[in-house]
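Survey of secondary and tertiary structure
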Amino acid sequence: MNRHACMLIGGAGTGKTTILKDKLRNMDPEVYSNMGINLNCFTDSLLLQSGMESVLEKKTGRTFGPPGSKRLVYFIDDLNMPEVDKYGTQQPIALLRQLFDYSGWYSRDKLTWREIAQVQVVSCLNPTAGSFFIDKRLQRSYFSLAVQLPSPENLELIFESILSNHL
């Protein structure tokens, strides 16, 4: 596994979240754990950092990581939803950039550096909602894939299979 950050981009109803949740659900639980985080207009960097740190444990020195020898995959949904402040930035996006660029962040209580190890980030983004864009300096860290709405024939097949299991 390459461990690069991956982002699925597409409109509402294209199945971005379902695709990533299915992939995470089918990963080897002995090797990987995952945490889902939904961003919205009220999410700030403190809330995101607190959530991301809640599943980490102290390893050695200033290094934090997932419990045991597992790798942790953060699934961040609606990446572009946080509010844009008066400076044109989004606090949670700035925190993610710091994680990607420097492999860590500062603790909020002691203001000491925390190196975050053995984590990966996958995200979804709907370009027709939220702030309509994300910082290009964050986007460069992602491998981006476009997800299109299924054709009418495929939608019919999907819903027929769902309904046949319930009837």
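For the structure, check the block above.
First things first, this report covers the structure right here in the doc. Not measured: the values here are computed from a predicted model. (Residues numbered from 1 in each chain as written. Predicted model: local features only at pLDDT ≥ 70, side-chain atom pairs only at ≥ 80, totals over all residues. Heavy atoms only, no water.)

**Considerations on the nonpolar core**
Nonpolar side chains tend to gather and get buried jointly when the protein is soluble and globular. To keep things clear, this is the line we draw: For our purposes a nonpolar core is just a set of buried Ala, Val, Leu, Ile, Met, Phe, Trp, Tyr and Cys residues, chained together by side-chain atoms within 4.5 Å. For the exposure calls, accessible area comes from a 1.4 Å probe over protein chains only, and a residue counts as buried if that area is under 20% of its type's maximum, exposed if over 50%, partly exposed in between. Labels follow the DSSP assignment, with helices taken as runs of H or I lasting at least four residues and strands as runs of E lasting at least two, numbered in each case from the N terminus.
Ranked by size, the top nonpolar core spans 25 residues in total, and within it Ile37, Met52, Tyr74, Leu79, Leu96 and Tyr142 carry the most contacts. With four residues, the top contributor of residues to this core is helix α3 (residues 91-102). Counting 11 residues, the second-largest nonpolar core is a separate cluster that includes Cys6, Leu20, Leu24 and Met27.

**Notes on the side chain of Lys16**
Heads up, the condition is: A residue counts as positive if it is Lys or Arg and as negative if it is Asp or Glu; His and the chain ends are not included. Just to be clear on terms, a salt bridge is a Lys or Arg side-chain nitrogen sitting within 4 Å of an Asp or Glu carboxyl oxygen. Each polar contact in these results corresponds to two N or O atoms within 3.5 Å; when the atoms are within protein, one needs to be able to donate a hydrogen and the other to accept it, and residues that are neighboring in sequence are counted only if both atoms are side-chain atoms. Any pair of residues with heavy atoms lying within 4.5 Å of one another is described as a contacting pair.
Considering the arrangement of structural elements, one finds Lys16 in helix α1 (residues 16-25). The buried charged residue Lys16 lacks any salt bridge partner; its closest oppositely charged side chain belongs to Asp78, at an N-O distance of 6.4 Å. A distance of 2.9 Å separates a polar side-chain atom of Lys16 from the backbone oxygen of Gly10. Once residues within four sequence positions are removed from consideration, Lys16 is found in contact with Leu8, Ile9, Gly10, Gly11, Cys124, Leu125, Asn126 and Val147.

**Some details on the sheet that holds strand β3 (residues 57-58)**
Stated formally: Two strands form a pair only when DSSP identifies at least two bridges running between them. In this description, a line fitted to the C-alpha atoms serves as the axis of each element, helices being fitted only across the stretch in contact, and the angle between N-to-C directions of two axes falls anywhere from 0 to 180 degrees.
An order of β3-β4-β7-β6 is seen for the four strands of this open sheet, with the pairing classed as mixed. Looking at strand neighbours, the two that pair on one side only are β3 and β6 (104-106), the edges of this open sheet. Along the sheet, α3 makes contact with β6 and β7 (113-116), crossing β6 at roughly 125°.

**Quick word on the environment of Pro82**
Secondary-structure assignment places Pro82 in the loop between β5 (71-77) and α3. When its relative accessible area of 1% is taken as the criterion, Pro82 is described as buried. Placed 48 residues apart in sequence, Pro82 and Gly130 show a C-alpha to C-alpha distance of 7.3 Å. In contact with Pro82, not counting residues within four places along its chain, are Leu39, Asn40, Cys41, Thr43, Gln90 and Pro92.

**What about the packing of aromatic side chains?**
Keep this limit in mind: Stacked, tilted and edge-to-face are the three classes assigned to paired rings of Phe, Tyr and Trp, where Trp is represented by its six-membered ring and a pair needs centres within 6.5 Å; plane angles under 30 degrees give stacked, over 60 edge-to-face, the rest tilted. Placement of a charge over a ring requires the Lys NZ or Arg CZ to be within 6 Å of the ring centre, with the centre-to-atom vector within 35 degrees of the ring normal.
For the structure on display, the rule yields two aromatic pairs. Taking 5.3 Å as the distance between ring centres and 90° as the angle between the ring planes, the aromatic pair formed by Phe100 and Tyr142 counts as edge-to-face. Taken as a pair, Phe100 in helix α3 and Tyr142 in strand β9 (residues 142-146) lie far apart in primary sequence, 42 residues in all. For Tyr142, a relative accessible area of 7% gives the class buried. Residues Tyr106 and Trp113 carry aromatic rings whose centres are separated by 4.9 Å and whose planes lie at 75° to one another, so their mutual orientation is edge-to-face. Cation over ring: Arg114 sits above Phe64, and NZ or CZ is 4.7 Å from the ring centre.

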